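Observations on the three-dimensional arrangement
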There are 2 protein chains.
Amino acid sequence: MKVKVFKIGGNVVENAELLSAFAADFAAVQGPKVLIHGGGVRASALQKQLGQVPNMIEGRRVTDADTLEVVTMVYAGLCNKNVVARLQSCGCDAIGLCGADANLITATRRPAKPVDYGFVGDISVEGVRTEMLLKLLDCGLVPVLCAINHDGKGQLLNTNADTVASSVAQALAQKAEVELVYCFEKNGVLRDKDDDMSVIPLITPSVFTKLKEDGVVADGMIPKLENSFKAIAAGVSSVVIKSAANLSNNLQTTLKND
Amino acid sequence: MKVKVFKIGGNVVENAELLSAFAADFAAVQGPKVLIHGGGVRASALQKQLGQVPNMIEGRRVTDADTLEVVTMVYAGLCNKNVVARLQSCGCDAIGLCGADANLITATRRPAKPVDYGFVGDISVEGVRTEMLLKLLDCGLVPVLCAINHDGKGQLLNTNADTVASSVAQALAQKAEVELVYCFEKNGVLRDKDDDMSVIPLITPSVFTKLKEDGVVADGMIPKLENSFKAIAAGVSSVVIKSAANLSNNLQTTLKND
């Protein structure tokens, strides 16, 4: 079996026009598939409306009890159900879930040292209930996962959507051939960051080393690609980086082993 | 197959202690089961926090676009996921869903005349995707449904949780023996409204007629029982009315045909 695991950011979920375009393209993708989504911008906006002050440390949201309520409402409620309703309208049999649902993903609360992130969890491949995910795929369903997970003892935990995508892909890779597709704003990894058509079609570990040496790949793209190669090392067949707005075109960067 | 369909109100969902007690009792109920929940008090509270004015007409919430966002966040996000995480911690393999998920319940937007309720939907037995619900039960899962549904064209709709419970029970009754359990604050239908131990154990249509004539059953309890007997007429085997706080005790009113 081949399974495709897609990750989209909050920018897609929170923009009706972009979501419509993505949903139509995603619905047309053949075969078993899973979608993981973010929703952080909207969560910050709701926090501010409620008089809370969003507190991010190194890109991670410090999640006290009030913040946990907000992200649960926004990710698992507003974003997740709007994505599902949109996909269903395109004929895609989506089912929106968090990690507590069907005990799909168990997370571990992050230790309070060195930084106390509050109700934030870390997940690993072992936390994914792969058999149940496969059962849902066998029912013809398309799981749509937000980044709210649980500790199995009644506590919801805020986690990172990229890590959810990577962990789910690695877990499924134990039973199937898996392609992990990270959708973002650009057409792929660019040779010239100002030219969205300068997509590098294929990056292997040796190409990656060269691109870093030459300074073509820098800053935030380095950890993104490093994590992608870790997923590949853990059994994922390939990682694709492409634009959420143009899922159906051929512009993309594929990461594979040499 | 026998299936039990439970309905709990927002009062259970929104009270951590009551939810814990209910979850332990519900987890212990044997056999396939479905849970439907409300969450209206919390939705009104969030509306007020956001500067909205909750507008109820005959007990139904007028649902403009902003209100729909709030009820989607509260019912499908906050309430649903907290119930699921709590049930999972009790060993109950709950999966939290709205009607858009797996296209489980399609609703029809209510006509704008005589009263424009906005994004409010009505549902019927025909709108329930019974086969998929049975597939989820076959996976050993316990569907936990909130009262957010969709029109199949991308629009979420706010519906009534009692009607969701009744429609799901009637739909499942086409394929299984179904008991519909309405959990509320009292131990059942009371002979003396001030004595919570004066539960009437069995009400048949002929007993119901007599109770109405004698004035024992009055006010809001009459439509509740009428709707229950409609569900029975449509194939549901029995309707039980009992306290959410004491699911495991024997105090309850059972409604059945003569």
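Here goes a summary of the coordinates provided. (Residues numbered from 1 in each chain as written. Chains lettered and ligands numbered in written order. Predicted model: local features only at pLDDT ≥ 70, side-chain atom pairs only at ≥ 80, totals over all residues.)

1. Regarding the overall build of chain A
- Looking only at helices and strands, chain A has eight helices and 14 strands in total.
- Its C-alpha atoms give chain A a radius of gyration of 18 Å, within 12% of the compact-globule value 18 Å for 258 residues.
- The principal-axis extents of the C-alpha atoms in chain A amount to approximately 45 × 40 × 35 Å.
- Here chain A holds 258 residues, and 49% of them are scored as buried.
- Contacts spanning at least 24 positions in sequence make up 74% of the contacts within chain A whose residues lie at least 6 apart. (Helix = DSSP H or I, 4+ residues; strand = E, 2+ residues; numbered from the N terminus. Rg over C-alpha atoms; globule rule 2.2 N^0.38 Å. Buried ≥ 20, exposed ≤ 12 C-beta atoms within 10 Å, placed from the backbone. Contact = placed C-beta atoms within 7 Å.)

2. So, the relation of the copies chain B and chain A
- The transform that puts chain B on chain A rotates by 180 degrees and translates by 0.0 Å along the axis, for an RMSD of 0.0 Å. Those values place the two copies in the arrangement expected of a two-fold rotation axis.
- The overlap is high: 100% of the interface residues of chain B also sit at the interface in chain A, so the same surface is used on both sides. (Least-squares fit on C-alpha atoms with pLDDT ≥ 70 in both.)

3. Remarks on the interface of chain B and chain A
- Each partner contributes residues to the interface: chain B has 34 residues there, and chain A has 34 residues.
- For the side of chain B that touches chain A, the secondary structure elements donating two or more residues are helix H4 (65–89), strand S5 (94–97) and strand S9 (148–150) of chain B.
- Counting residues per element, the side of chain B that touches chain A draws most heavily on H4 of chain B, at 14 residues.
- Considered class by class, the residues forming the side of chain B that touches chain A number 15 nonpolar, 12 polar and seven charged. (Nonpolar A, V, L, I, M, F, W, Y, C, P; charged D, E, K, R; others polar.)

4. What to know about the pairing of strand S8 (residues 142–145) of chain B
Residues and elements named next belong to chain B.
- Judged by which residues are buried, S8 turns out to be covered on both faces: Val142 and Val144 on one side and Pro143 and Leu145 on the other are all buried.
- With two bridges joining them, strand S2 (residues 33–37) and S8 adopt parallel strand pairing. What sits directly across from leucine 35, in S8, is valine 144.
- As paired elements, S5 and S8 share four bridges and run parallel to each other. Residue pairing across strands places isoleucine 95 opposite proline 143, the latter belonging to S8. (Pairing = 2+ DSSP bridges.)

5. Quick look at the sheet that holds strand S14 (residues 253–255) of chain A
Residue and element names in this part refer to chain A.
- Spatially, the eight strands line up as an open sheet ordered S5-S8-S2-S1-S11-S13-S14-S12, and their pairing is mixed. Bordering the open sheet on either side are strand S5 (94–97) and strand S12 (202–203), each of which pairs with just one other strand.
- Sitting on the sheet, helix H8 (residues 221–233) is in contact with strand S11 (177–184), S12, strand S13 (238–243) and S14, with an inclination near 50 degrees to S14. (Axes fitted to C-alpha atoms, helices over the stretch in contact; angles between N-to-C directions.)

6. Describing unusual backbone geometry
- Cis geometry marks the peptide bond from lysine 113 of chain A to proline 114 of chain A, where omega comes out at 0 degrees.
- Within the fold, proline 114 of chain A resides in the loop between strand S6 (108–109) and strand S7 (121–122).
- With a phi close to 50 degrees, asparagine 103 of chain A is a non-glycine residue in the positive phi region.
- Take asparagine 103 of chain A: it is sitting in the loop between S5 and S6.
- Backbone geometry at glutamate 58 of chain B places phi at a positive 50 degrees, although glycine is not the residue there.

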